[in-house]
Amino acid sequence: MQTVLSNLWIKKRTPHWERLTALVAAADRGRLKGLSRAELQELALLYRQVASDLSTLRQDRTSAALANQVNHLLARAHHIIYSSRRSSWRGLFLYLRDGYPRVFRQQIGYVFSSAVVFLLGTLLAAAFTMANPRFAPPIVGPNVMAGIEQHEMWTQSIVSVAPQAASAIMTNNLTVSFMAFAGGLLFGFGSVYLLFFNGLMLGAVAVACQQAGMAIPLWSFVAPHGSLELPAIVIAGAAGLRLGQGMLFPGIYRWKDSVARAGAEAVRLVSGVIPLLFIAGCLEGFFSPSAAPVALKFSVGGTLFLLLLIWLFRPLPGVSAEPV
């Protein structure tokens, strides 16, 4: 069914287009030097809002002329923003400090859904393993189960090859997270499967170690790096869910526009897991399997998780910075 936009909607959006036109004109005259910091932030925000408006306008064939005008305005704004923007460490820092937390909060519903799927797998595996210990071996694998049966952590060999192990761990974690994100291309079902299966593994290992009297060695190993690694996997899965949602439920958008919009938002969301996995990989390779005191390991894990929450949920000043 053809969408027909109301005059009221167009009237409400027109001031935003006019304001973006004024900012673009000012930037054309001074190549951004004439704009204040607040105006630069407003320019970036309006650019995203008007891009969304353009997608809506294209749904109404009677608004084709207006859509062309808005498209031309966006092209001018895009040239100014991206041709004048220079990659820098400061820009990356500003994005990680203020920009990414805003992206995370915009997608908090998908993060919550991802966490629910992961925890559901964990709880089910824990319940089934408690009811029947034979449930765990097919899930966690023979090597891990052999270590548990011998009351030895399967991670002890990591310490002797820590640098190589850290590199391999980071690669593996990035692979898992990318698969959780890319699973969204299967209409989100791939992401659901990977989140659920990773939850199953955690639940099965946790109960198997508990039954073998190895709960403290397990959780003292998991706590330092898991405080960042597990949230990173959940966030990557959330990005996959966002992509899947855009594919399954395009709403007022054309399917390809919905997928493009969802993909862009998913990529921004998953970008934040890279520094988390880098830190987690270093900890898992060097610190988590070490002979450091158990209390210290739990303290490091708790502190890192608290810092993660502060980073993602602290009050943010103004409009977030754009990624470099």
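Throughout, a residue's number is its position along its own chain's written sequence, starting from 1. Only residues with pLDDT of 70 or above have their local features reported here, since the model is predicted, and side-chain atom pairs are shown and tallied only from 80 upward, although totals for entire chains, interfaces and linings are computed over all residues. Side-chain descriptors were evaluated using all non-hydrogen atoms of the structure, hydrogens and water having been removed beforehand.

> Teacher, can you tell me more about the overall build of the protein chain here?
Each helix is a run of DSSP H or I of at least 4 residues and each strand a run of E of at least 2, with the numbering of both proceeding from the N terminus. When helices and strands are tallied, the protein chain shows 13 helices and zero strands. Within the protein chain, the proportion of its 324 residues that are buried is 46%. We call two residues in contact whenever any of their non-hydrogen atoms come within 4.5 Å of each other. Intrachain contacts of the protein chain at a sequence separation of at least 6 include 79% that bridge at least 24 residues. Summing over all exposed atoms, the protein chain offers an accessible surface of approximately 17000 Å²; the carbon and sulfur share of this is 67%. The buried label goes to any residue with under 20% of its type's maximum accessible area, the exposed label to any with over 50%, and the partly exposed label to all in between, with areas taken from a 1.4 Å probe on protein chains only. All accessibility values rest on the Shrake-Rupley procedure with a 1.4 Å probe; residue burial counts only the protein chains present in the view.

> Sorry if this is basic, but what is going on with the confidence of the model for the protein chain here?
Low-pLDDT portions of the prediction should not be read for the details of their coordinates. Looking at the protein chain, pLDDT values average 84 and 87% of them are 70 or higher. pLDDT is a per-residue confidence score from the predictor, ranging from 0 to 100. Considering only residues more than four positions removed or in separate chains, one finds that residues 319-324, a stretch of pLDDT under 50, has 21 contacts.

> Is there a simple way to think about the nonpolar core in this case?
Taken as a class, soluble globular proteins show a tendency for nonpolar side chains to be buried jointly. Tyr100, Phe104, Ile235, Leu269 and Leu276 are the most contacted members of the largest nonpolar core, which totals 32 residues. Residue assignment for this core shows that the elements contributing at least two residues are α4 (89-106), α5 (108-131), α8 (162-182), α10 (215-248), α11 (255-271), α12 (273-287) and α13 (294-313). Sequence-distant contacts of Leu276, that is, excluding residues within four places in its chain, are made with Leu228, Ala232, Ile235, Leu308 and Trp311. Core analysis: the second largest hydrophobic core is formed by 20 residues, Leu35, Leu43, Leu57 and Ala67 among them. Among the buried residues, those of types Ala, Val, Leu, Ile, Met, Phe, Trp, Tyr and Cys that are joined through side-chain atoms within 4.5 Å form a nonpolar core.

> How do you make sense of the packing of α5 against helix α9 (residues 189-211) when you look at a structure like this?
Between two packed helices, the angle of one axis relative to the other and the distance separating the axes together describe the packing. Angles run from 0 to 180 degrees between N-to-C directions of axes, and those axes are lines fitted to C-alpha atoms, restricted for helices to the stretch in contact. α9 packs onto α5 with a crossing angle of 35° between their chain directions and a minimal axis gap of 6 Å. Two packed elements cross with a definite hand, and for α5 against α9 that hand is right-handed. Counted together, Ser114, Val117, Phe118, Leu120, Gly121, Thr122, Leu124, Ala125, Ala126, Thr129 and Met130 of α5 and Val192, Leu195, Phe196, Asn198, Gly199, Leu200, Leu202, Gly203, Ala204, Val207, Ala208 and Gln211 of α9 form the full contact between these two elements. Gly is placed with the polar residues, together with every amino acid not listed as nonpolar (Ala, Val, Leu, Ile, Met, Phe, Trp, Tyr, Cys and Pro) or charged (Asp, Glu, Lys and Arg). Split by residue class, the contact of α5 with α9 holds 15 nonpolar, eight polar and no charged. Less than a right angle of anticlockwise turn of the near helix away from the far helix marks a crossing as left-handed, whereas a clockwise turn marks it as right-handed.

> Looking at this structure, how should I read the pattern of salt bridges?
Once the charged atoms of two side chains with opposite charge are near each other, the side chains can pair. Salt-bridge detection follows one rule: a side-chain nitrogen of Lys or Arg within 4 Å of a carboxyl oxygen of Asp or Glu. Evaluated as defined, the whole model comprises seven salt bridges. Between Asp98 and Arg97 there is a salt bridge, and its shortest N-O distance comes to 2.7 Å. Of the residues examined, Asp98 reaches a relative accessible area of 7% and is grouped as buried. Note that Asp98 and Arg314 form a salt bridge whose closest N and O atoms lie 2.5 Å from each other. Within this pair, whereas Asp98 is found in helix α4, its partner Arg314 is found in the segment after α13, the two being separated by 216 residues in sequence.

> Can you walk me through the side chain of Ser288 in this structure?
Relative to the helices and strands, Ser288 is located in the loop between α12 and α13. There is a polar contact of 2.8 Å between the side chain of Ser288 and the side chain of His225. Aside from chain neighbours lying at most four places away, what touches Ser288 is Ser220, Phe221, Pro224, His225, Leu283 and Lys297. N or O atoms closer than or at 3.5 Å make up a polar contact, with two conditions inside protein: a donor-capable atom paired with an acceptor-capable one, and, for residues adjacent in sequence, both atoms drawn from side chains.

> Mind showing me how you'd approach the packing of aromatic side chains here?
Centre distance and the angle of the planes are the two values used to describe a pair of aromatic rings. Aromatic rings from Phe, Tyr and Trp, taking only the six-membered ring of Trp, are treated as a pair when their centres fall within 6.5 Å; an angle between ring planes under 30 degrees marks them as stacked, one over 60 as edge-to-face, and anything in between as tilted. In the structure shown here, the tally under the stated rule is seven aromatic pairs. Taken together, a centroid distance of 6.3 Å and an interplanar angle of 65° make the contact between Trp9 and Trp17 edge-to-face. Of the residues examined, Trp17 reaches a relative accessible area of 7% and is grouped as buried. Between Phe178 and Phe181, the ring centres sit 6.4 Å apart and the planes meet at 70°, which makes this aromatic pair edge-to-face. Taken as a pair, Phe178 and Phe181 lie in helix α8 at a separation of three residues, close to a single helical turn. Looking at Phe178, the relative accessible area reads 53%, which means it is exposed.

> Explain α11 here, please?
Residues three or four positions apart in an α-helix share a direction because the helix packs 3.6 residues into each turn. Each helix should span, by expectation, one fewer than its residue count multiplied by 1.5 Å. Along its 17 residues, α11 runs 24 Å from first to last C-alpha, staying within 8% of the 24 Å computed at 1.5 Å per residue. Considered for burial, the residues of α11 that qualify are Asp257, Ser258, Val259, Ala262, Gly263, Glu265, Ala266, Leu269 and Val270.

> Looking at this structure, I do not really get the environment of Glu229. What am I missing?
Among the secondary structure elements, Glu229 is positioned in helix α10. Here Glu229 falls in the buried class, since its relative accessible area comes to 12%. Each C-alpha atom of the pair Glu229 and Leu174 lies 9.8 Å from the other, and the pair is 55 residues apart in sequence. Ignoring anything within four residues of it in the chain, the contact list for Glu229 reads Asn173, Leu277, Ala280 and Glu284.

> Would you mind going over a nonpolar patch on the surface with me for this structure?
A patch is a set of surface residues, each over 30% in relative accessible area and not in a salt bridge, joined within 9 Å for like charges and within 5 Å for the nonpolar side chains Val, Leu, Ile, Met, Phe, Trp and Tyr. Taken together, the side chains of Phe187, Phe189, Leu248, Phe249 and Trp255 define a hydrophobic patch exposed on the protein surface, amounting to about 570 Å² of accessible area. Mapping Trp255 onto the fold places it in helix α11. Since its relative accessible area comes to 45%, Trp255 is described here as partly exposed.

> I would appreciate a short explanation of unusual backbone geometry in the present structure.
A negative phi angle is the norm for most residues apart from glycine, just as the trans form is the norm for most peptide bonds. A positive phi is found at Phe187, a non-glycine position, where the angle reads about 60°. With respect to the helices and strands, Phe187 occurs in the loop between α8 and α9.

> Can you help me understand the environment of Leu54 in this one?
The residue Leu54 is located in helix α2 (residues 37-57) in this model. Taking the C-alpha atoms as reference, Leu54 lies 8.8 Å from Leu74; in sequence the two are 20 residues apart. In this view, Leu54 contacts Ala67, Val70, Asn71 and Leu74; residues no more than four positions away in its chain are not counted.

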